[in-house]
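The lines below spell out each chain.
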Amino acid sequence: MRKVGDHAVVLGAGMAGLLASRVLADAYRRVTVMERDPLPETAENRKGVPQGRHAHLLVPQGTEILDGLFPGLLDDLMAGGVPVVRDLAEFRFSPGGHLLCLKGRPADPFICQASRPYLEGHVRARVRTLSTVEIIDRCEVVGLVTNAVRDRVTGVRIVRRAAGGAEETVDADLVLDATGRGGRTPAWLATMGYEKPPEEQLTIHLKYATRHLRLRPGALAGEKMVSIGAEPGRPTGFVLFAQESDRWILTVIGYDGHHPPTDPEGFLTFVETVAPPDVFAAIRDAEPLDDIVAYRFTANLRRRYERLRRFPTGLLVFGDAICSSNPAYALGMSVAALQAAALQDTLASGDRDLARRFFRSAAKTVDMAWQLTIGADLALPQVKGPRPLPVRVINAYINRVLTAAERDPAVAEQFLRVAALQNPATRLFRPSTALRVVLGSLRRRPAPAIDAATAGMPAIGPHA
């Protein structure tokens, strides 16, 4: 890729910022990544990523992109003991009350089960090896710098905590905001005289609680992951899967009024109401490795930057700063990877009108993930939101898909590929798939707990 500028500044050294910096390193002569937190040298949780203690998954689409950006990274992860799902027989998946028939289906590409700190630490180490990229931690960004007419961002104002706290200005051809859901770009735009991006929001009042376990050998008979989704009659769920260091992570979720407790006895009782008997026995007999930690997620939030008529040159927004969706569906890191791919494609045509082109390209990726998560959340009566007729019709069909997927591995695999962002949702409506869905639904009546007015398309399990 030809160079389009001298210096790019990335705000935030989480997964989104690291992925963006890797792409920008091909297009700019220098890239500086600025992070408010002290960054650990090893795979540790950090204050700025409280959700990092909970279950994260890199779904196959994200895995594929990450491997392209950092060749050999996945081999390094597996050499370090990260489990992967290569055969879907190793994955027990029950969305919306339907246990999918996945046996004998290869997971291609595979599902990577690294913990968030372990994965982020390895990606950060790879980015540090890039000679043109510098990562500065303990660096607070206090504002943007613009030209006189405020139609171009020309840098950032920062305070380095390690250098005595004096404010300084860093010039940049591009500033990319990857500081997450709480990013300040909307406020900065207003200060510069621009409109804030339109927002879409769906309140869900989700709480999840997590602890790490050491299961007895063979406790799950070869399964590496179990994901039981919420359903209308039971707005709770959990995911349990193997991670590096011979440990398992258990994250349980509950929507408004059905939140999991954090005391050990209450936590275990909560798990018993959700887990199949054999899985609960494995959890009950496991060795707890740490205390239970909780996290709250109030609402899905999407900022529609692609709809703005005016936007300053030299500024981009990325990752959760564009869209922050229910972490129970494990799409956040993979959506960031897809945005990185969109940024790479956009920069291949130069930096002219970069923001407009990138936001439009990124919106296509975000659209797919947003519809999946919103549809799944609206499957639950506890989530309040509009359900227009087209949504009800589509969701009723998805319920039929899930019913057929209980016995038909081809339908189950197609649903899983859509839920993991590998295929567009339109694949489920192809005549060949639709015929299998109709025949599968005739053999077994759909689960009565899922009403056509509220059914949605569940994705694959906590967290982004």
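See above for the structure.
Residues numbered from 1 in each chain as written. Predicted model: local features only at pLDDT ≥ 70, side-chain atom pairs only at ≥ 80, totals over all residues. Heavy atoms only, no water.

A. Inspection of a nonpolar patch on the surface at higher detail. Together, L435, V438, L439 and L442 line one region of the surface with nonpolar side chains, adding up to about 400 Å² of accessible area. For L435, the position within the fold is in helix α12 (residues 431–443). In this structure L435 comes out as exposed when scored by relative accessible area, which is 53%. (Patch = residues over 30% accessible without salt bridge, like charges linked within 9 Å, V, L, I, M, F, W, Y side chains within 5 Å. Areas by Shrake-Rupley, 256 points an atom, 1.4 Å probe, with all protein chains shown as cover. Salt bridge = Lys/Arg side-chain N within 4 Å of Asp/Glu carboxyl O. Helix = DSSP H or I, 4+ residues; strand = E, 2+ residues; numbered from the N terminus. Buried < 20%, exposed > 50% of the residue type's maximum accessible area, 1.4 Å probe, protein only.)

B. Broad picture of the pattern of salt bridges. Scanning the model with the defined rule gives 25 salt bridges in all. In this structure, R22 engages D26 in a salt bridge whose closest nitrogen and oxygen atoms are separated by 2.9 Å. Residue D26 is classed as partly exposed on the basis of its relative accessible area, which comes to 27%. Connected via shared salt-bridge partners are E200, R302, R304, E306, R307 and D367.

C. Structural context of the sheet that holds strand β2 (residues 28–34). With parallel pairing, the 5 strands of this open sheet are ordered in space as β6-β2-β1-β10-β17. Here the strands that pair on one side only, and so sit at the sheet edges, are β6 (133–136) and β17 (315–317). On average, each strand axis in the sheet is inclined to that of its neighbour by 15°, with strand direction left out of account. Across 4 bridges, strand β1 (residues 5–11) lies against strand β10 (residues 174–177) in parallel orientation. Bridging across to β10, A8 finds its partner in L174. (Pairing = 2+ DSSP bridges. Axes fitted to C-alpha atoms, helices over the stretch in contact; angles between N-to-C directions.)

D. A look at the layout of surface pockets. Roughly 1,000 Å³ of volume is contained in the largest pocket. G48, A178, T179, G180 and R181 are, among the 49 residues lining the largest pocket, the residues nearest its centre. Of all the secondary-structure elements, those providing two or more residues to the lining of the largest pocket are α1 (15–24), β7 (139–146), β16 (293–303) and α8 (332–347). The biggest single contributor to the lining of the largest pocket is β16, with 5 residues. Class assignment for the residues of the lining of the largest pocket results in 21 nonpolar, 16 polar and 12 charged. Each pocket or cavity is described by its volume, and for the second largest pocket that value is around 570 Å³. Lining the second largest pocket we find 25 residues, and of these D367, W370, Q371, L372 and G375 sit closest to its centre. (1 Å grid on protein atoms, 1.4 Å probe; cavity = no way out; pocket = protein on both sides within 12 Å on 5 of 7 lines; lining within 4 Å. Points joined across faces, edges and corners; volume = space filled by probe spheres on them. Nonpolar A, V, L, I, M, F, W, Y, C, P; charged D, E, K, R; others polar.)

E. Summary view of unusual backbone geometry. Notably, A330 is not glycine yet its phi reads approximately 60°, a positive angle. With respect to the helices and strands, the residue A330 is situated in the loop between β18 (323–324) and α8. Its identity as a non-glycine residue notwithstanding, L421 has a phi of 70°, on the positive side. Along the chain, L421 turns up in the loop between α11 (409–419) and α12.

F. Inspection of helix α6 (residues 264–272) at higher detail. Buried within α6 are the following residues: G266, F267, F270 and V271. What you see down the axis of α6 is that its buried residues fit within an arc of 140°, all on one side. Turned more than 90 degrees away from the buried face of α6, the exposed residues are P264 and E265. For α6, the elements touching its buried residues are β11 (199–214), β13 (236–243), β14 (247–254) and α7 (277–284). (Arc of directions from axis to C-beta. Contact = heavy atoms within 4.5 Å.)

G. Seen up close, the packing of α1 against helix α4 (residues 116–128). One way to put it is that α1 packs onto α4 with a least axis distance of 10 Å and a crossing angle of 25°. Classed by the angle they form, the pair α1 and α4 counts as roughly parallel. Relative to α4, α1 is oriented so that their crossing is left-handed. Contacts between α1 and α4 pair M15, L18 and S21 from the former with R116, L119, E120, V123, R124 and V127 from the latter. (Parallel < 35°, antiparallel > 145°, perpendicular 65-115°, else oblique. Left-handed = near helix turned anticlockwise from the far one by under 90°.)

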